[in-house]
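# Descriptive structure summary
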Amino acid sequence: MTGAGFVPDNLNLKKSSGNPNLSYTMKDNVLFKVNDTNFAYEVSATQIPAMVGGSVADLFMTKGHIREPHWHPNAWELDVVIEGHVVVSILNPDTAQLMNNPAGPGQVVFIPMGWLHWITPVSDRTHMHLFFNSSQVENAEVSNFLQTTPPEVFKLAYNIDPEQIATALAPIKAVKDTVFVGPPASGNSRHNSSIRSLIGMNGAHVPPPMVNIKRK
């Protein structure tokens, strides 16, 4: 079969340049890290240039945390549970209905491109593989929206008191970075209780400050 393994117009693969690099150690590229039990690795076309049209993330989380609400403007996502149990929540933009999908080892959940979703561990430890149909996945994180939207906009759009929303969002703004996996930590106990109330985790352990490592 002539040209097998070569994608038309794929400038990353050249027949004349020998064998391409087809392997990579995922631990060498940390997508984000909250602590030693909540983190993710990523492999994309940046690490393997021949990996055209796809990428993968290795996600580890523990109970009491959550992969924050987000969507991918340029990719669908397929979540494969390796260890533990999670609930993958997906908002259908056409019907405005929330779909909660429980999943355990060996089960998969598919998320269409551009659909808001989040992942909640329900067991002590979880491990997932996340597959995307894009060489460079774009993440639109709700924490970035909440950090950058002026309080006055919430008043105009939803009639929410600017001072109240500013107080409620203080733990998110204090992070000054994308949350990725929450809840964010804060030295202010009032702020801690506020964010726990917002995400329905009153009394949950608040993790240490996050260390977010951007894509390489």
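Refer to the structure printed above.
Note that the structure is predicted; figures quoted are calculated from it, not measured. (Residues numbered from 1 in each chain as written. Predicted model: local features only at pLDDT ≥ 70, side-chain atom pairs only at ≥ 80, totals over all residues. Heavy atoms only, no water.)

### Considerations on the overall build of the chain
The helix and strand tally for the chain stands at five helices and 12 strands. With 216 residues in all, the chain has 43% of them scored as buried. In the chain, 69% of the contacts between residues at least 6 apart in sequence involve partners at least 24 apart. As presented, the chain carries roughly 11,600 Å² of accessible surface, and 57% of it is formed by carbon and sulfur atoms. (Helix = DSSP H or I, 4+ residues; strand = E, 2+ residues; numbered from the N terminus. Buried < 20%, exposed > 50% of the residue type's maximum accessible area, 1.4 Å probe, protein only. Contact = heavy atoms within 4.5 Å. Areas by Shrake-Rupley, 256 points an atom, 1.4 Å probe, with all protein chains shown as cover.)

### Examining the nonpolar core
The biggest cluster of nonpolar side chains holds 23 residues, and the ones touching the most others in it are Phe 32, Leu 59, Val 86, Val 88, Ile 119 and Met 128. Of all the secondary-structure elements, those providing two or more residues to this core are β1 (30–35), β3 (55–62), β6 (86–92), β8 (108–111) and β10 (125–132). Dropping the residues within four chain positions of it, Met 128 is found in contact with Ala 57, Asp 58, Leu 59, Asp 79, Val 80, Val 81, Ile 82, Val 86, Val 88 and Ile 119. Core analysis: the second largest hydrophobic core is formed by seven residues, Val 142, Leu 146, Ile 165 and Ile 172 among them. (Core = buried A, V, L, I, M, F, W, Y, C linked by side-chain atoms within 4.5 Å.)

### Focus: the pattern of salt bridges
Applying the stated criterion across every chain yields a total of two salt bridges. Residue Asp 36 pairs with Lys 33 through a salt bridge whose shortest N-O separation is 3.2 Å. For Lys 33, a relative accessible area of 31% translates into the label partly exposed. Among the ionic pairs, Arg 67 bridges to Glu 141, the shortest N-O distance being 2.8 Å. Taken together, the residues span a long stretch of sequence, with Arg 67 in strand β4 (residues 66–71) and Glu 141 in strand β11 (residues 140–141) at a distance of 74 residues. (Salt bridge = Lys/Arg side-chain N within 4 Å of Asp/Glu carboxyl O.)

### Section: empty space enclosed by the protein
Enumeration according to the criterion identifies one cavity of 30 Å³ or more in this entry. Volume-wise, the largest cavity comes out at about 120 Å³. The wall of the largest cavity is formed by 17 residues, among which Leu 31, Ala 57, Arg 67, Leu 130 and Phe 132 lie closest to the centre. When residues of the lining of the largest cavity are traced back to their parent elements, those giving at least two are β1, β2 (38–43), β3, β4, β9 (117–121) and β10. A class-by-class count of the residues in the lining of the largest cavity yields nine nonpolar, four polar and four charged. (1 Å grid on protein atoms, 1.4 Å probe; cavity = no way out; pocket = protein on both sides within 12 Å on 5 of 7 lines; lining within 4 Å. Points joined across faces, edges and corners; volume = space filled by probe spheres on them. Nonpolar A, V, L, I, M, F, W, Y, C, P; charged D, E, K, R; others polar.)

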